[in-house]
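What follows is the residue order along each chain.
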Number of protein chains: 2
Amino acid sequence: MNLLPSTLSFSSVRTHLPILAAATDAGTADDALVLAGVLLSLAVIYFTSKLGGEICLRLNLPPVLGELIGGVAIGVSALKLLVFPEGSADAGDSLLMQFLQATSALTPEGSQSVFAVQSEVISLLSELGVVILLFEIGLESDLKELIRVGPQAALVAVVGVVTPFALGTAGLVYLFHVPVIPSVFAGAALTATSIGITAKVLSEIDRLNSTEGQIIIGAAVLDDVLGIIVLAVVASLVKTGEIEISNVIYLIISAGVFLIGAILLGRFLIPFFIRLVDTMKTRGQLLLASLVFAYILSYTAQVIQLEAILGAFAAGLVLAETEKREELAEQIIPVADILVPIFFVCVGAKTDLSVLNPTVPSNREGLILAVFLMVVAIIGKVVTGWSVFGQPGINRLAIGIGMIPRGEVGLVFLGVGSASGALSKPTEAAIIMMVILTTFLAPPLLRIVFGTAETVPTVEEAATEAVEATRKQ
Amino acid sequence: MNLLPSTLSFSSVRTHLPILAAATDAGTADDALVLAGVLLSLAVIYFTSKLGGEICLRLNLPPVLGELIGGVAIGVSALKLLVFPEGSADAGDSLLMQFLQATSALTPEGSQSVFAVQSEVISLLSELGVVILLFEIGLESDLKELIRVGPQAALVAVVGVVTPFALGTAGLVYLFHVPVIPSVFAGAALTATSIGITAKVLSEIDRLNSTEGQIIIGAAVLDDVLGIIVLAVVASLVKTGEIEISNVIYLIISAGVFLIGAILLGRFLIPFFIRLVDTMKTRGQLLLASLVFAYILSYTAQVIQLEAILGAFAAGLVLAETEKREELAEQIIPVADILVPIFFVCVGAKTDLSVLNPTVPSNREGLILAVFLMVVAIIGKVVTGWSVFGQPGINRLAIGIGMIPRGEVGLVFLGVGSASGALSKPTEAAIIMMVILTTFLAPPLLRIVFGTAETVPTVEEAATEAVEATRKQ
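All values reported here derive from a predicted model rather than from experimental measurement.

Q: So, the overall build of chain A: which residues are in play, and what are the values?
A: Helix and strand content of chain A: 20 helices and zero strands. A fraction of 76% describes how many contacts in chain A between residues 6 or more apart in sequence connect residues 24 or more apart. Roughly 16700 Å² of accessible area belongs to chain A as shown, and the carbon and sulfur atoms make up 68% of that amount.

Now the structure itself:
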């Protein structure tokens, strides 16, 4: 209580007067220009996501693929409008920052700090985007159906981790004579499944609540947990040469306790939650109360070394069980609309396609490895469909293909492997190509195997269907 | 195109694996923990905004006042849950960061960078919040009505700048023998009007589209422009001892050209915009296309040294003229619900109430000055109501009171004055108190003078009214 007036903060306040911002704080990034940069980035991201989405829809491809490809087009691989300050990229490499410099009072020196802060903000918004996406997926999922298909989903997840890991590691060691450690890393990268991409496509083609859809979602969620464990094992193997059993056990127990605990606790608390929301009268009461719940679970998952998206998914699942489901699902749509595209466009923008260029001689060894990894990546996941038992008439191919995209999760393995110094350039390039191709191939394949390529519902049709579905209940 | 694979970015990607994040990048803030910190901050902010809002609503006070007071309660003045790294505050001063340290693997050293990045992100979200708020206000405003009341609004704005500036500066110099430069700064701080707070209250009591409401909004928008000009004049006076006429002329012309140009250009482009949106079929097409438009205008306003919120307001005004108004207004509600409270809670959290403590002797001189400034602040704005001409039966007191809150705009003046070193501690404290009191006093006063204190519409009533209003059209 004894802070002097001079400690009052003017950071948010400086932004109101660009012209004088420099006078109040010359040392740090100019907040007014950071805001300008963020606004411009968001305008570019939204434009790209809609342009890509609309084009793909007209080509009978999933809109999310258009967002990814749009991201690639404006990202580090092509236009360099949206680049991030990792690796060797700096403000000078970003066309968007150059535009900001050309149109504002920003100096080349100042632009480095504006670039850094703006990139942090956009990255964080994209992470919030995937949190909201998984919350929405949870809200659209059916907990009872998920529990019913639980055993099948668990088997799909385990088969989808063991098969590509074993095939990939053994193949690299015996066929290509790659050393063991990088082979293990490449094998580990093959185990990932990007729940975000598959779930988004399933939602787009209205198959999220099919039995196949729920098995895929359940397996992808478990795969996320398994992926964390595999990565912990591999990383400790690289660092110490042995596996820290205690850490592996900790992760398995905490993941189990968290998911079951969140759902049980949630169900217990939900009646109080609904009663509380019903007594509230200010604007946005249901949405904000639900997000408080979702963010607390996400926070908890994140700090116990799981992932924020697991918490968001659990929160969505719990709230889906309540009478507020429809109202909340409707309110979350615009929120997801403004945040989720940031995630997909950023994933695309951060993807470096230059490793696919066969005219660069140093890429060739990687390309050969990549072909092998691709084959393993597809076979290793497609077989999972045949591990499903007790579901006659199920579309096994669809389940297998739903597990194919590695997306950002595959890149995590690469990131850790790359930082450990264990990977050679060709192996690294091969993993990147495998991640890129599985990510971009799975969405159109998924549509084809679900037989929906010819009958893409438009927004209006989907809305009509949703309303009809509601009435039937 | 020749970036090597090792330059691939893993920043977003690191966040997926908190346990291994440190391995990939030890130098910068741990993104996984930044995400955890942001999620926790947002949960706290939402909880606070709803608790404060609900309590105020039950006391027949405007909910936005509850959000401000809630912000004060969790901010630097009281609980220190949400503090910002300006002045002398660091991660150790933030209870939220201490909680994050206690619950995660965060080290005290790492917490400084996490604190810095997380605070930047929350500050930027709060700025996006006020951009969205002004977009929504623009969307709810009636351009024809605004133009109709334009002359009155302009007069109100000018009177509301000249009167408090003249009274305040002269009073400080002649009655209190304060030197000229700090007196001019204090006078300048008296000219501000916080459009955010007034507009939010008007919207809450459903008076935004009354003649009074539109005069207040028009005057507050113009006051924002005048404020920028006054501040530019005062700052150049302090720096060089003379007024840079060229800069003043530039600001006046650019503001005029921007506002009129944006509206004219917008009207010209709108038919194409609507046709484009109608051909789009992917989710969120109207919302994202509108936000691209709003963000581009905001960006433009920001880089030509006006304010982003002016661009957002102009974009809202233009889109309000279209047939998509209702649909867009409905979709923007959840977006505003999740962003706008961040702004109000942050304004509260950054307000340091310790200067109001009369038991601290050094506060007393400031308190006396503050009483004088408060009187001038209220009189100087209340008189503006009587400058309205040709509107018989108008509620003049309501207009005057609507112009009272200085809010964040008043703090900008303080920030610039403080940085220039021209202000003594008592003068600084007095300005802070004036800003705090006008900001917190205006919302309840506004309700009283509009005679709505007894008939606060609940969310449901407001929604019903809105639906009825739509049907009547």
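Q: Can you tell me about the pattern of salt bridges, naming the residues and giving the values?
A: In the structure shown here, the tally under the stated rule is twelve salt bridges over all chains. As a salt-bridge pair, E136 of chain A and R283 of chain B come within 3.0 Å of each other at their nearest N and O atoms. Of this pair, E136 of chain A sits in helix α6 (residues 108-140) while R283 of chain B is found in the loop between α12 (245-279) and α13 (285-303), placing the two residues in two different chains. Between K381 of chain B and D223 of chain B there is a salt bridge, with its nearest N and O atoms 3.0 Å apart.

Q: Outline helix α8 (residues 150-175) of chain A, supporting the account with residue identities and numerical values.
A: Residues and elements named next belong to chain A. Along its 26 residues, α8 runs 37 Å from first to last C-alpha, staying within 8% of the 38 Å computed at 1.5 Å per residue. Regarding α8, the residues found buried are Q152, A153, V156, A157, G160, V161, P164, G168, T169, G171 and L172. Looking one or two residues beyond α8, the residue adopting positive phi is H177, at roughly 55°.

Q: I'd like to hear about the environment of L353 of chain B, residue by residue, with values.
A: Residue and element names in this part refer to chain B. As for its placement among the helices and strands, L353 is situated in the loop between α15 (325-350) and α16 (362-382). Residue classification places L353 among the partly exposed positions, given a relative accessible area of 26%. C-alpha separation for the pair L353 and A429, spaced 76 residues apart in sequence, amounts to 9.8 Å. Excluding residues within four positions of it along the chain, L353 makes contact with V72, S77 and I436.

Q: Explain the environment of G66 of chain B to me, using residue names and the numbers behind them.
A: Residue and element names in this part refer to chain B. Structurally, G66 can be placed in helix α4 (residues 63-74). Separated by 14 residues in sequence, G66 and G52 place their C-alpha atoms 3.9 Å apart. Excluding residues within four positions of it along the chain, G66 makes contact with G52, G53 and C56.

Rules of the game
Residues numbered from 1 in each chain as written. Chains lettered and ligands numbered in written order. Predicted model: local features only at pLDDT ≥ 70, side-chain atom pairs only at ≥ 80, totals over all residues. Heavy atoms only, no water. Helix = DSSP H or I, 4+ residues; strand = E, 2+ residues; numbered from the N terminus. Contact = heavy atoms within 4.5 Å. Areas by Shrake-Rupley, 256 points an atom, 1.4 Å probe, with all protein chains shown as cover. Salt bridge = Lys/Arg side-chain N within 4 Å of Asp/Glu carboxyl O. Expected span 1.5 Å × (residues − 1). Buried < 20%, exposed > 50% of the residue type's maximum accessible area, 1.4 Å probe, protein only.

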